[in-house]
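Results of the structural survey
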4 protein chains.
Amino acid sequence: MSAKKLWDKGYSLHPDVEAFTTGDDYTLDRQLVRWDALGSVAHARMLASIGILTDREFDKLRAELVRVVKLWEQGKFTVEPEDEDVHTAVENHITGKLGELGKKMHTARSRNDQVLVDTRLYAKEMILDIASEAAGVAGALLDFAEAHKGVPMCGRTHFQRAMLSSVGLWAGAFAESLVDDLLLLRSAYEINDQCPLGSAASYGVHLPIDREITARLLGFDRVQNNVLYANNSRGKIEAAVLAACMQVMLTLSRISTDIVTFCAPEFGYFTLGDEVALGSSIMPQKRNPCSLELTRARAATVLASLLQVAEITRPLPSGYNRDLQETKRPLMTGLATTLGALAAMKVAIGAIAVNEDNLRRGCSSEIYATDRALELVQEGMPFRDAYRKVAAEVDELADRDAAREISKKTHTGAPGNLGLDKAAARLEQQRTFWERARQNFEGAIAELVGH
Amino acid sequence: MSAKKLWDKGYSLHPDVEAFTTGDDYTLDRQLVRWDALGSVAHARMLASIGILTDREFDKLRAELVRVVKLWEQGKFTVEPEDEDVHTAVENHITGKLGELGKKMHTARSRNDQVLVDTRLYAKEMILDIASEAAGVAGALLDFAEAHKGVPMCGRTHFQRAMLSSVGLWAGAFAESLVDDLLLLRSAYEINDQCPLGSAASYGVHLPIDREITARLLGFDRVQNNVLYANNSRGKIEAAVLAACMQVMLTLSRISTDIVTFCAPEFGYFTLGDEVALGSSIMPQKRNPCSLELTRARAATVLASLLQVAEITRPLPSGYNRDLQETKRPLMTGLATTLGALAAMKVAIGAIAVNEDNLRRGCSSEIYATDRALELVQEGMPFRDAYRKVAAEVDELADRDAAREISKKTHTGAPGNLGLDKAAARLEQQRTFWERARQNFEGAIAELVGH
Amino acid sequence: MSAKKLWDKGYSLHPDVEAFTTGDDYTLDRQLVRWDALGSVAHARMLASIGILTDREFDKLRAELVRVVKLWEQGKFTVEPEDEDVHTAVENHITGKLGELGKKMHTARSRNDQVLVDTRLYAKEMILDIASEAAGVAGALLDFAEAHKGVPMCGRTHFQRAMLSSVGLWAGAFAESLVDDLLLLRSAYEINDQCPLGSAASYGVHLPIDREITARLLGFDRVQNNVLYANNSRGKIEAAVLAACMQVMLTLSRISTDIVTFCAPEFGYFTLGDEVALGSSIMPQKRNPCSLELTRARAATVLASLLQVAEITRPLPSGYNRDLQETKRPLMTGLATTLGALAAMKVAIGAIAVNEDNLRRGCSSEIYATDRALELVQEGMPFRDAYRKVAAEVDELADRDAAREISKKTHTGAPGNLGLDKAAARLEQQRTFWERARQNFEGAIAELVGH
Amino acid sequence: MSAKKLWDKGYSLHPDVEAFTTGDDYTLDRQLVRWDALGSVAHARMLASIGILTDREFDKLRAELVRVVKLWEQGKFTVEPEDEDVHTAVENHITGKLGELGKKMHTARSRNDQVLVDTRLYAKEMILDIASEAAGVAGALLDFAEAHKGVPMCGRTHFQRAMLSSVGLWAGAFAESLVDDLLLLRSAYEINDQCPLGSAASYGVHLPIDREITARLLGFDRVQNNVLYANNSRGKIEAAVLAACMQVMLTLSRISTDIVTFCAPEFGYFTLGDEVALGSSIMPQKRNPCSLELTRARAATVLASLLQVAEITRPLPSGYNRDLQETKRPLMTGLATTLGALAAMKVAIGAIAVNEDNLRRGCSSEIYATDRALELVQEGMPFRDAYRKVAAEVDELADRDAAREISKKTHTGAPGNLGLDKAAARLEQQRTFWERARQNFEGAIAELVGH
């Protein structure tokens with residue numbers, strides 16, 4: 001078994017050490033097969049361009065590596081514990097097919113820069129998907145806000161009834177939050193969009209490799225210049241990506257908290273459709289908002305993942321340290337969780353039935369206390385005095401027509417002036433950026449594999 | 001597929017919601033099969049004792065449930081996504097074998113108290129294993145300290161050379177740390193050692209169940225009384241367990257940091273044997289202390305797991321919330337990681353070759369500066385003046401016989417008076433507690449399955 | 001200014017470095033004055049016992065050090081930035097009064113073991129206070145549970161209405177949670193209750209100091225034996241203390257979340273008295289449960305403090321590292337926050353008015369669905385069939401007499417059998433431990449200062 | 001005392017609740033005085049523009065508010081516990097001077113939007129300072145890299161000696177890391193650069209306020225549109241800011257770890273000048289890199305601050321919740337710590353003496369093993385065979401001329417081709433952005449106060 005490992009020197013680890021060291025890293029590596037193979041295509045192409053491989057050798061390698069991608073897509077290429085890691089698995093496979101040529105492919109690189117490039121490419125694709133889903137949820141929220149912009153909702157502070165609000169204001173708030181998240185995702189995308197390939201084990205190689213070529217072939221925006229920084233930035237870039245995911249999850253967690261509350265019978269503002277409400281094994285009457293509760297919890301998971309990655313990285317000396325292997329799971333967990341939560345949220349928003357009657361009933365007269373105080377102010381009373389007067393008479397406040405009251409708050413961003421069009425325009429700007437980014441990336445990959 | 005779910009009411013979730021909600025929880029549940037089946041044996045026995053099942057029905061159920069345990073031990077019973085969870089998988093299996101009787105087994109309980117009891121039992125066994133391994137590492141460190149108690153080592157502060165120390169002092173420090181960890185593990189064990197069974201979905205049941213019986217049958221120290229607390233304590237008890245694991249990992253992380261440092265060629269204090277030193281794929285000369293680096297990193301993982309569990313729990317309203325599902329992975333990760341790190345550390349300690357010459361060379365004369373100052377104090381000079389005098393002459397300090405100097409520090413816990421026997425006595429006390437705990441637990445389980 | 005520093009060697013730091021290094025650590029040190037002075041009394045007494053000080057010298061030192069404690073209690077002794085730290089401030093003060101004798105007091109110790117012993121004593125007193133307050137809150141909850149044990153409350157899962165519960169069950173759940181917290185506090189107390197004095201800068205001293213004496217004089221349970229471990233355990237013991245605080249805060253956070261919810265007008269279960277409800281600057285009708293919201297938030301603060309301390313410690317090499325200074329604030333914040341939150345919670349519980357009518361109204365008929373299903377089971381129907389039948393007819397369920405229903409759940413820990421006496425007995429056991437611990441500690445301190 | 005509070009309704013809190021609720025928030029508010037007063041100037045100006053104040057009234061208010069800023073700059077305006085918070089302190093002060101007019105100033109806003117705008121402005125200024133310092137440190141590192149680009153350094157992986165590197169590569173790596181940090185700081189700056197003023201208690205006001213005016217007057221890039229989002233984004237934006245600070249601290253922590261290591265006598269690569277090396281109170285020979293150790297530790301503090309803020313925010317319902325008060329300290333701590341660490345780091349880099357002899361000695365022959373293997377590859381041997389050959393003969397490797405070897409690694413970013421000019425160009429681009437941002441901000445503020 002260990003005979004197949006790249007670094008084999010003829011002795012073997014104690015099984016307890018081997019088990020602990022390997023862990024379940026190989027299961028994570030299964031998600032990197034495609035990127036590892038494509039990274040090798042780009043590396044081989046570059047080696048051909050500087051004369052280390054012939055064009056014919058490159059063609060053979062590319063064909064075999066593209067076949068690995070295909071096999072993997074069909075579920076026929078996997079990584080097992082005895083493979084050590086995805087890089088060894090792919091190289092052993094190629095060597096099995098092409099003999100010495102497979103070994104030659106590894107010239108001028110190390111597993112370190114392979115794992116770096118695989119991870120960056122993986123993160124790139126996931127961020128693109130996340131951005132696309134996030135834009136979708138933001139759009140759904142804007143539509144929801146538009147559809148219910150005149151529906152009153154009791155606005156709360158301290159979880160107490162505070163002032164008149166609207167379903168439109170509520171949904172619009174989260175749409176704008178997601179548009180800001182897209183902004184933060186973008187800088188994470190950009191920091192991740194630099195190619196580490198060619199940094200080897202942190203100190204470069206003696207061969208005159210051309211790092212610009214591999215960067216371009218793989219669709220990266222630029223080369224990550226300093227080879228030591230390429231390795232030192234492992235964990236750091238993951239942390240930047242996870243910080244952006246955390247922001248998305250913070251938004252989703254708060255939407256979830258609100259919806260769970262609004263679905264409680266005491267509120268009855270919203271009812272969730274069957275496609276998101278789960279039953280209970282012991283209570284026949286229950287319809288449980290499980291995906292929303294899990295979204296809330298998994299926001300904590302993504303936060304913990306960020307923390308884990310950043311802390312692993314924080315005290316490390318320069319250069320590769322094995323500690324960095326432990327950043328792979330939190331990165332993947334964070335990205336996959338964020339993507340899954342967005343997809344589930346989109347369904348949830350589409351499954352909300354808005355119970356206008358209950359929402360209206362929730363707007364009891366006390367929530368006009370501030371408005372009444374401000375009216376007294378407009379009639380000339382100083383605010384502090386108006387405040388005291390209304391506080392003393394709060395139970396006698398007259399009910400008001402909620403729809404009319406909403407329409408009276410007309411300043412920028414208020415319930416009567418939601419500015420959904422402005423939010424939509426900002427969202428559109430984001431969409432444009434992300435679509436171009438995806439095209440650039442997918443275009444490069446398509447060219448790389450020869451389509 | 002969903003027709004098999006316990007709570008089925010005839011409608012189905014959107015696939016994105018289903019995928020997000022299920023997650024990979026079923027893979028974690030595979031580790032709970034044994035405990036789920038045994039929990040059902042105890043529950044069924046109790047139902048028999050209050051007349052809900054006949055003795056014959058119980059015998060049939062027990063036989064089938066014990067068979068599930070056997071199948072699982074042989075790798076022939078697993079949990080698949082379509083099973084929803086381990087509880088449903090086991091119940092469906094039993095119902096498949098025994099028909100209506102399988103359904104009857106679920107009387108007077110909910111999946112909530114099943115997952116509670118499964119998790120407690122899982123944690124119990126893992127803590128017992130961890131305590132046993134921790135005691136083993138502590139013992140190995142005491143042996144190592146005894147074997148090298150006279151070997152000088154440069155003691156450091158601020159990572160600078162500070163004062164004379166010894167290999168014995170270094171190893172003894174960590175042995176005592178682990179003995180303290182065992183103390184903390186014990187209170188985690190005790191808080192986990194209360195039986196939640198019978199709490200149902202947080203509010204008890206109408207049937208006159210006997211919770212003392214199930215607690216005793218499963219080897220718990222006591223019933224967790226308040227049924228709402230049983231559910232509210234999910235996450236909380238996990239956090240207590242993980243906090244104890246974190247302490248073990250903090251100790252191991254610092255041992256690891258020291259060994260990694262001492263193995264660097266600039267130090268050369270220790271050399272690690274082949275059973276723990278991994279090769280490099282690109283640098284033929286390297287022998288990498290990977291398991292120690294990963295121990296350091298995984299201490300951060302366990303910390304992040306603690307944080308995740310505590311944070312998920314912190315803001316929840318009383319009663320079961322689906323958020324709690326998300327505490328399962330961090331608990332299991334934390335326990336398994338701690339156990340694996342201890343096993344690997346025991347190998348590492350056994351694989352250390354101590355290079356006395358290098359250690360002696362590291363004890364350069366400057367480390368006697370404080371000793372010289374204290375000698376001047378004993379000769380009557382005030383400390384501050386002695387300090388200034390030695391600081392001015394630090395390069396002229398005479399070299400000393402390290403072994404003799406070690407023997408001169410004779411107060412409690414100093415290099416010349418390590419008190420390894422005292423630490424060994426405290427360790428022995430711990431061992432006694434843990435062995436008795438294991439006997440109690442294993443005895444109860446053996447009786448439960450009828451051996 | 002820097003001329004007064006203990007380690008002065010005649011050069012000075014860049015102001016930016018000095019500012020960053022000092023930070024606001026001196027403001028934290030102000031809380032340690034008493035413990036630093038008392039630690040010095042014990043140290044001096046021990047020096048007298050081994051002949052380094054005469055009895056007369058000790059008497060003079062003690063008198064002056066006790067005077068420092070008095071001055072500090074009167075707010076007349078403080079620590080300023082130019083004092084460097086509390087140890088230097090106290091020593092300089094004593095030297096100012098007693099000349100050379102003040103310097104001699106520092107024989108055979110370093111600032112490292114001073115800060116260690118100061119912190120342990122500080123934590124000891126704070127844990128004693130926290131335990132006492134926690135027992136008080138647990139007692140208040142038991143009283144509250146007893147007073148309202150027959151008042152029905154809608155039990156929830158997934159924040160949906162689930163099954164019948166009671167105010168007594170709700171309050172009892174948290175009382176039991178706090179009793180468990182006291183158990184965890186106890187192991188934190190015990191791990192903290194070992195005396196580090198005499199470890200010096202991590203490697204002991206050449207003088208024949210008697211560490212048992214100082215430990216006994218300061219009321220510690222035992223000497224922390226290995227001198228390197230004494231220093232390595234800085235941060236580690238703080239983490240154990242904070243983990244116990246975190247558990248208390250988790251309990252308080254969840255009580256807070258529930259109360260905030262139950263005070264919302266949609267629920268109206270509870271009304272908070274004026275002594276805990278704050279007004280709003282803009283909404284006259286509001287009564288805001290601010291201390292409960294802050295308790296919830298500060299649980300996150302204590303968790304972050306734990307994380308901070310553990311992470312600072314995790315990757316450090318053996319021996320003192322300056323990083324450890326940064327563990328002081330989170331320890332102090334964590335302890336003070338926990339103590340403050342308990343005091344505020346006790347007031348809050350005393351200020352709850354229970355609105356029985358609203359609670360009864362919240363128990364709508366659907367919450368009896370499970371009970372109805374279980375009745376069908378008792379009549380012979382298998383649970384799964386009963387479940388389906390009730391699910392289909394959930395809107396037609398008859399209302400029930402909540403009080404009678406409560407009394408029908410009679411098994412251990414159920415609403416009709418709360419076991420408050422058992423919880424009270426466990427609480428009493430805890431109280432006995434903590435009172436004895438306090439007496440031991442306070443007795444030792446009183447003797448030390450000569451009363 | 002409480003009579004002065006804005007929301008006073010004639011009853012008073014229990015002292016334990018008051019103490020817990022107030023906490024030491026007022027000490028943090030002391031740092032917001034300037035921004036609170038300037039926010040009021042902008043708000044008053046806007047009120048004048050919509051006819052609620054006369055121009056004369058605005059002039060009086062501005063004059064008095066600018067006086068508050070001056071008093072505060074002279075240390076003569078502070079916030080005491082009885083002031084409740086900075087907003088009340090300033091308003092009370094103004095009302096004391098101008099009577100009713102002071103009260104009128106509070107028209108159409110709440111303390112919520114005041115604290116939002118104060119915090120944003122505070123963060124804005126701090127981020128500008130941090131960016132400026134970060135650029136300074138990056139510049140210092142580039143200079144250092146240039147000055148020592150030919151000095152060999154042993155490159156490490158797994159903290160073992162690995163391959164030839166250089167001091168230039170080491171320093172350049174961190175310079176590039178900081179340039180990336182500036183990119184991440186920029187998106188944090190942009191997300192923070194939206195004006196929340198006019199959102200009131202989360203639901204807007206009835207008056208026709210002009211939010212664009214206040215945004216422009218205060219130098220914000222844009223209005224934060226949705227008024228509920230303005231409040232929901234509290235904590236979220238703080239988290240984005242702290243995530244950027246965390247990245248800076250991660251970079252600084254790793255520089256610190258390396259320098260501390262390189263200053264250990266076993267390495268002796270660097271010697272730190274007196275301006276950063278602190279003495280020891282007990283060990284006369286020591287020169288301790290305290291500010292670097294603290295930087296490492298405080299990176300954990302900033303991370304914990306991020307976690308704290310994000311977690312406080314995560315589970316909150318929409319609208320203002322008092323929990324958010326608890327985000328102020330971590331934000332301020334995080335920003336101030338990052339700024340202080342950068343300033344101290346700049347001094348440290350300037351204080352490094354590079355010991356070329358020791359660095360050369362550290363480049364022992366084994367680090368050429370990979371190079372030798374690659375040479376064999378170039379001579380035609382497959383990499384795997386070359387690897388095995390060199391591994392077997394590692395002790396016989398010939399020493400090499402390090403400087404020549406460095407110059408042979410010529411590909412992009414390798415030791416012989418550092419690309420410092422490219423990094424400098426990217427840094428310059430960043431500087432341009434930040435200087436313009438500062439000008440915009442300071443220009444707006446200057447105009448606002450009438451200069």
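The rules we used
Residues numbered from 1 in each chain as written. Chains lettered and ligands numbered in written order. Predicted model: local features only at pLDDT ≥ 70, side-chain atom pairs only at ≥ 80, totals over all residues. Heavy atoms only, no water. Least-squares fit on C-alpha atoms with pLDDT ≥ 70 in both. Contact = heavy atoms within 4.5 Å. Buried area = accessible area lost by both parts, 1.4 Å probe. Salt bridge = Lys/Arg side-chain N within 4 Å of Asp/Glu carboxyl O. Polar contact = N/O pair within 3.5 Å; in protein donor to acceptor, adjacent residues only side chain to side chain. Helix = DSSP H or I, 4+ residues; strand = E, 2+ residues; numbered from the N terminus. Nonpolar A, V, L, I, M, F, W, Y, C, P; charged D, E, K, R; others polar. Buried < 20%, exposed > 50% of the residue type's maximum accessible area, 1.4 Å probe, protein only. Pairing = 2+ DSSP bridges. Arc of directions from axis to C-beta. Domains from an automatic or database assignment.

We now examine the relation of the copies chain B and chain A. One chain copy maps onto the other through a rotation about an axis and a shift parallel to that axis. Superposing chain B onto chain A takes a rotation of 180° combined with a translation of 0.0 Å along the rotation axis, leaving an RMSD of 0.0 Å. Expressed as a symmetry operation, the mapping of one chain copy onto the other fits a two-fold axis. It is B:Ala304 whose C-alpha, among those of chain B, lies nearest the rotation axis, at 2.6 Å. By residue overlap, the copies meet face to face through one surface: 98% of the interface positions of chain B are interface positions in chain A.

This part is about the relation of the copies chain B and chain C. Rotating chain B by 180° about the axis while translating it 0.0 Å along that axis superimposes it on chain C, leaving an RMSD of 0.1 Å. Interface residue correspondence from chain B to chain C reaches 100%, placing this contact among same-surface, isologous pairings.

Moving on to the interface of chain B and chain A. Across the contact, 60 residues belong to chain B and 59 residues belong to chain A. In this assembly, chain B packs against chain A so that about 5,000 Å² is buried in total across both faces, 64% of it on carbon and sulfur atoms. In this assembly, chain B and chain A are joined by 4 salt bridges. Counting across the interface, chain B meets chain A through 14 residue pairs in polar contact (both at pLDDT 80 or more). If you list the elements that add at least two residues to the side of chain B that touches chain A, you get α1 (15–22), α12 (290–313) and α13 (328–350) of chain B. When residues of the side of chain B that touches chain A are assigned to their parent elements, the largest contribution, 15 residues, is made by α12(B). Looking at the side of chain B that touches chain A residue by residue, the class counts come to 26 nonpolar, 18 polar and 16 charged.

Tallying the contact residues gives 106 residues for chain B and 106 residues for chain C. Taken as a group, B:Tyr203, B:His206 and B:Arg254 account for 10% of the area that chain B buries against chain C, more than any other trio of residues on that side. Viewed at the interface, chain C and chain B are joined by 5 salt bridges. Between C:Lys103 and B:Asp385 there is a salt bridge, with the nearest N and O atoms lying 4.0 Å from each other. Run the count over chain B and chain C and you get 51 residue pairs in polar contact (both at pLDDT 80 or more). By residue class, the composition of the side of chain B that touches chain C is 47 nonpolar, 30 polar and 29 charged.

This part covers the side chain of C:Arg111. Mapping C:Arg111 onto the fold places it in helix α7 (residues 111–147). Side chain to side chain, C:Arg111 and C:Asp85 meet in a polar contact 3.0 Å long.

The next point concerns the pairing of strand β2 (residues 160–166) of chain B. Residue and element names in this part refer to chain B. Most of β2 is tucked away: 7 of the 7 residues are buried. The pairing of strand β1 (residues 152–157) with β2 spans 6 bridges and is classified as antiparallel. Note that in β2 the partner of methionine 153 across the bridge is serine 165. In textbook terms, the turn of a hairpin is the stretch between consecutive antiparallel strands, and for β1 and β2 this stretch comprises 2 residues, one of which, histidine 158, has a positive phi near 55°.

Turning next to helix α16 (residues 383–392) of chain D. Among the residues of α16(D), those classed as buried are D:Phe383, D:Arg384, D:Ala386, D:Tyr387 and D:Val390. The buried residues of α16(D) all sit within an arc of 160° when viewed along its axis, so they share a single face. Each element contacted by the buried residues of α16(D) is listed here: α5 (86–98) and α6 (100–104) of chain A together with α15 (369–378) of chain D.

Another aspect to go through is the domain arrangement of chain A. In many reports, interface size means the accessible area that the parts give up when they come together. All names here are of chain A. Assigned domains of chain A: these are domain 1 (15–107), domain 2 (112–361 + 419–448) and domain 3 (366–398). Computed from C-alpha coordinates alone, the two centres of domain 1 and domain 2 are separated by 30 Å. At the boundary of domain 1 with domain 2, total buried surface from both sides reaches about 2,300 Å², with 64% on carbon and sulfur atoms. Our count for the contact surface shared by domain 1 and domain 2 stands at 4 salt bridges. With a closest N to O distance of 3.0 Å, aspartate 25 and lysine 328 form a salt bridge.

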